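Next come the chains, spelled out residue by residue.
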Amino acid sequence: MNVFIAGATGVLGRRTVALCADRGHDVVGLTRDSEGDRVVRENGGAPRRGDARDRDSVVETADGADVLVHAATKIPTDTNPDDEEWELNDRVRREGAENLVAAAAEHDADRLLLQSVVWLARQPDGSRFDEEAEPQPDRSTRSALDAERIVTEGAETHGFEPVVLRGGYFYAPDTVHTRKFGEGLLDRRMPIIAGGLLGRDDAELSFVHVDDAASAFAAAVDGDATGTFHVVDDRPTTYADFLQRFADELDAPRPRRIPGWLAGLFVDDNMRRLLTEPMRTSNDRLREAFDWEPQYPTVDEGLSQVVSRWRATGEVVDA
């Protein structure tokens, strides 16, 4: 099967390239420069130059694809990004979705997979939710919901099979945010941010290791099920427990606490909400549809892998 991946050089995309190639598929990865070409080749794919935000280049480079994957994002990595950074991410999500739909229609593709995020459906009362819950988008997730609608409406018009994979909070040895968390814990600059006047109200969040997110995408490439699926590990955990477990693995000092209202002075309001408002969901539908299960069922196993990798390579821990 021919698989086309936009976002093939990102932390999710390059893993998805490798897994799809290992399954015997012919994988084309969209790239923008020679470094991107190298990453795609090293993971078993064939690079083609283009831009996810340019319709003509996407349609041209996706020629021959049976399955298309939109894994391209530009999520800000700064703790307090400006609106211009969020707008760039919005464009990548929306325009990328529109352009992959156009490519699917042009080439009569069978299937289109979209990366989204589970917290666009978190509920105002903090209750547990599933794929049927009414979306509650904010500034940071509105374009993800728009992209979902672009893909599902495109499927109705053009006849391809739509699959929306909403990821939990990503972490892995090579993600920018995970590295910042690790460095901040070692330097005692990464506090627990929680709700309440004194920062004692911990919200449960749904996490997923990027290796597991990529395996979900690879399973969905081969599968028959369509619709929306939540890609998360087996057990929601609080941000406090996540950081404390991370600190233990790093042999770092235990992180201090600050209330969310105070954190708002130096972090983006979208990040503050992400860490202090409950985001509890499950992977039940994903497991049943694609016979999928996570390699790292909880953050305990996942963070152990992260720090083991860093110790083996001398990254972060030695710093």
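Residues numbered from 1 in each chain as written. Predicted model: local features only at pLDDT ≥ 70, side-chain atom pairs only at ≥ 80, totals over all residues. Heavy atoms only, no water.

Here we take up the overall build of the chain. When helices and strands are counted, the chain shows 12 helices and 13 strands. Taken over the C-alpha trace, the chain has a radius of gyration of 19 Å; the compact-globule value for 319 residues is 20 Å, and the two agree within 12%. By its C-alpha atoms, the chain is 55 × 45 × 40 Å across when sized along the principal axes. Relative to its 319 residues, the chain shows a buried fraction of 56%. Considering only intrachain contacts with a sequence separation of at least 6, the fraction spanning at least 24 residues in the chain is 76%. (Helix = DSSP H or I, 4+ residues; strand = E, 2+ residues; numbered from the N terminus. Rg over C-alpha atoms; globule rule 2.2 N^0.38 Å. Buried < 20%, exposed > 50% of the residue type's maximum accessible area, 1.4 Å probe, protein only. Contact = heavy atoms within 4.5 Å.)

Taken together, the side chains of Asp54, Asp56, Glu60, Asp63 and Glu106 define an acidic patch exposed on the protein surface. Overall, Asp56 belongs to the exposed group, its relative accessible area being 62%. (Patch = residues over 30% accessible without salt bridge, like charges linked within 9 Å, V, L, I, M, F, W, Y side chains within 5 Å. Areas by Shrake-Rupley, 256 points an atom, 1.4 Å probe, with all protein chains shown as cover. Salt bridge = Lys/Arg side-chain N within 4 Å of Asp/Glu carboxyl O. Lys, Arg positive; Asp, Glu negative; His and termini not counted. Charge placed at Lys NZ, Arg CZ, Asp CG, Glu CD.)

The strand order β3-β2-β1-β4-β5-β6-β11 describes an open sheet built from 7 strands, whose pairing is parallel. On the outer flanks of this sheet lie β3 (46-49) and β11 (227-231), each paired with one strand and no other. Sheet twist, expressed as the average angle between the axes of neighbouring strands with direction ignored, equals 20°. Both strand β2 (residues 26-31) and β3 contribute to a ladder of 4 bridges, which runs parallel. In the sheet register, Val28 faces β3, and the bridge partner there is Ala46. The sheet contacts of helix α4 (residues 83-107) involve β1 (2-6), β4 (67-70) and β5 (111-117), and relative to β4 the element is tilted by about 175°. (Pairing = 2+ DSSP bridges. Axes fitted to C-alpha atoms, helices over the stretch in contact; angles between N-to-C directions.)

A word on the environment of Leu114. Here Leu114 lies in strand β5. The sequence separation of Leu114 and Thr152 amounts to 38 residues, and the corresponding C-alpha distance is 9.9 Å. Those residues within four positions of Leu114 in sequence are excluded, and the remaining contacts are His70, Ala147, Glu148, Val151, Val163, Val164, Leu165 and Phe217.

The set of residues buried in helix α6 (residues 176-186) consists of His177, Thr178, Phe181, Gly182, Gly184 and Leu185. All buried residues of α6 lie within an arc of 165° about the axis, which places them on one face of the element. Contacts from the buried residues of α6 go to β7 (169-171), α8 (239-250), α10 (269-276) and α12 (299-313). Phi for Arg188, located one or two positions after α6, is positive at around 60°. (Arc of directions from axis to C-beta.)

Here the focus is the packing of α6 against α8. Helix packing geometry: the angle between the two helix axes and the distance between the axes. Between α6 and α8, the shortest axis-to-axis distance is 10 Å and the interhelical angle comes to 65°. In terms of orientation, α6 lies roughly perpendicular with respect to α8. Like other packed secondary-structure pairs, α6 and α8 cross with a definite hand, here right-handed. Here Thr178, Phe181, Gly182, Leu185 and Leu186 of α6 come into contact with α8, specifically with Tyr239, Phe242, Leu243, Phe246, Ala247 and Leu250. Across the contact of α6 with α8, the residue classes tally to 9 nonpolar, 2 polar and no charged. (Parallel < 35°, antiparallel > 145°, perpendicular 65-115°, else oblique. Left-handed = near helix turned anticlockwise from the far one by under 90°. Nonpolar A, V, L, I, M, F, W, Y, C, P; charged D, E, K, R; others polar.)

Here is the key point about a regular strand: its side chains alternate between the two faces of the sheet. Across the 5 residues of β1, 4 count as buried, placing the element largely inside the fold. With 4 bridges connecting them, β1 and β2 associate as parallel partners. Following the sheet pairing, Asn2 is matched in β2 by Asp26. Since β1 and β2 lie parallel, the crossover through helix α1 (residues 11-22) that links them has a hand, and here it is right-handed. Here β1 runs beside β4; their pairing, made up of 4 bridges, is parallel. By the bridge assignment, Ile5 is partnered in β4 with Val69. (Right-handed = clockwise from strand over helix to strand, strands pointing away.)

We now examine the packing of aromatic side chains. On inspection of all chains with the given rule, the structure shows 11 aromatic pairs. Aromatic side chains Tyr171 and Phe207 sit 6.4 Å apart centroid to centroid with 75° between the ring planes, which places their arrangement in the edge-to-face category. Remark: Phe207 occurs in strand β10 (residues 207-209) and Tyr171 occurs in strand β7; sequence separation between them is 36 residues. The exposure class of Tyr171 is buried, given its relative accessible area of 0%. Centroid distance Tyr171 to Phe242: 5.6 Å. Interplanar angle 75°. Geometry classified as edge-to-face. With Tyr171 in strand β7 and Phe242 in helix α8, this residue pair connects regions lying 71 residues apart in the sequence. Since its relative accessible area comes to 0%, Phe242 is described here as buried. By way of ring pairs, the aromatic residues Trp119, Tyr169, Tyr171, Phe181, Phe207, Tyr239, Phe242, Phe246 and Trp310 are connected into one cluster. (Phe/Tyr/Trp six-rings, centres within 6.5 Å; stacked < 30°, edge-to-face > 60°.)

That's the geometry; what it means functionally is another story.
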